[in-house]
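Fold and geometry: a report
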Amino acid sequence: MTILLEAYNLHRAFEKTVAVHHVDLTLSKGEIVALLGPNGAGKSTTMRMLTALLEPTRGSVTYLSHRIPEQIVEAKRQFGYVADQPMIMPYLTGWEYIQFVAGLYGCSADEIKKRATPLIERFALTEAIHKKATGYSHGMQQKLALIAQLAHDPRVLLADEPTVGLDPGSASEMQAIFREYAQDGNAILLSTHLLDMAQHLATRIVMMTRGRIVASGTPEELTQGGARSLESVFFQRTGEVTL
Ligand SMILES: Nc1ncnc2c1ncn2[C@@H]1O[C@H](COP(=O)(O)OP(=O)(O)OP(=O)(O)O)[C@@H](O)[C@H]1O
């Protein structure tokens, strides 16, 4: 399997709090990896280090042999990132926002249009796309952020809680888009609290708690072929108690 993203020995401390302890993680072509963990487990800190938004205390991140920070520009071309709070710029319409973000990666207007138009239609944003994006609902902004990140055709997509705020139809469409994107030879890492979505969408599940990876495997492996619920495995591995 071709490895698209490799994180080695990632470690991050904030003064006395160690948020992430020596995490190793790879993403290979075709994989959809769900990162699960209780609040404060270190998922967002890991995501932010993988997307070069946060400098690790130790460790390295490499996209297709482009290492951060030495080859940051080449590395950044390889991935798209959808944050949990979409950062939509004032004044821009949805269409201008997509053009602006994908344009930063050197894509032509024609390429962007070709990639973005079908996604805009699938997410039912055709009517809204020429209106100011600051007037969009949270879910509409989340969909717009995903389209903008896919419009530059990255090999890896990282998404923090991507379906939060989406209506059921849009959440289902987003999952279908994720599957097709992975089947096209790309890879996805998504952090989520939705165990059901992780079980049905992910090809591999990684569980974190207190900054460490405590489990990694396919949904079938972790649930022992369905003999256990993913919820019970999650509680056992992460030390969370059921109330
Ligand atoms: N900028 C920061 N300064 C100090 N501590 C931080 C900072 N960012 C994160 N932390 C701490 O690092 C730990 C991991 O936080 P992180 O946000 O990565 O968890 P998470 O798994 O994403 O949680 P959630 O599911 O609640 O979003 C927590 O103890 C948090 O308080």
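All figures in this text were calculated on a predicted structure; none of them were measured in a lab. (Residues numbered from 1 in each chain as written. Predicted model: local features only at pLDDT ≥ 70, side-chain atom pairs only at ≥ 80, totals over all residues. Heavy atoms only, no water.)

Spatial strand order, β6-β7-β8-β3-β9-β10: six strands in an open sheet with mixed pairing. At either end of the open sheet lies a strand with only one pairing partner, and these are β6 (79-82) and β10 (212-217). Averaged over all pairs of adjacent strands, the angle between strand axes in this sheet comes to 15°, irrespective of strand direction. In this sheet, strand β8 (residues 187-191) lies alongside strand β7 (residues 156-160) in parallel orientation, the contact comprising five bridges. Paired with L157 across the strands is I188, a residue of β8. On top of the sheet, helix α5 (residues 138-150) reaches β6 and β7; it is set at about 175° to β6, its chief contact. Lying on the sheet, helix α9 (residues 230-238) is in contact with β3 (32-36), β9 (204-209) and β10; it crosses β9 at an angle near 35°. (Pairing = 2+ DSSP bridges. Helix = DSSP H or I, 4+ residues; strand = E, 2+ residues; numbered from the N terminus. Axes fitted to C-alpha atoms, helices over the stretch in contact; angles between N-to-C directions. Contact = heavy atoms within 4.5 Å.)

Before going further, it helps to spend a moment on the domain arrangement of the protein. In terms of domain boundaries, the protein breaks down into domain 1 (1-78 + 155-165 + 183-243) and domain 2 (84-153). Between the C-alpha centres of domain 1 and domain 2 there is a distance of 25 Å. On the side of domain 2, 10 residues touch domain 1, which itself brings nine residues to the contact. Taken together, both faces of the contact between domain 1 and domain 2 bury some 750 Å²; the carbon and sulfur share is 49%. For the domain 1 face of the interface with domain 2, the top three residues by lost area are R77, R155 and L157, together amounting to 49%. Measuring nitrogen to oxygen at the nearest pair gives 3.1 Å for the salt bridge that ties D153 to R155. One can count three residue pairs in polar contact (both at pLDDT 80 or more) joining domain 1 with domain 2. Among the secondary structure elements, those contributing two or more residues to the side of domain 1 that touches domain 2 are α2 (72-77) and β7. Looking at the side of domain 1 that touches domain 2 residue by residue, the class counts come to three nonpolar, one polar and five charged. (Domains from an automatic or database assignment. Buried area = accessible area lost by both parts, 1.4 Å probe. Salt bridge = Lys/Arg side-chain N within 4 Å of Asp/Glu carboxyl O. Polar contact = N/O pair within 3.5 Å; in protein donor to acceptor, adjacent residues only side chain to side chain. Nonpolar A, V, L, I, M, F, W, Y, C, P; charged D, E, K, R; others polar.)

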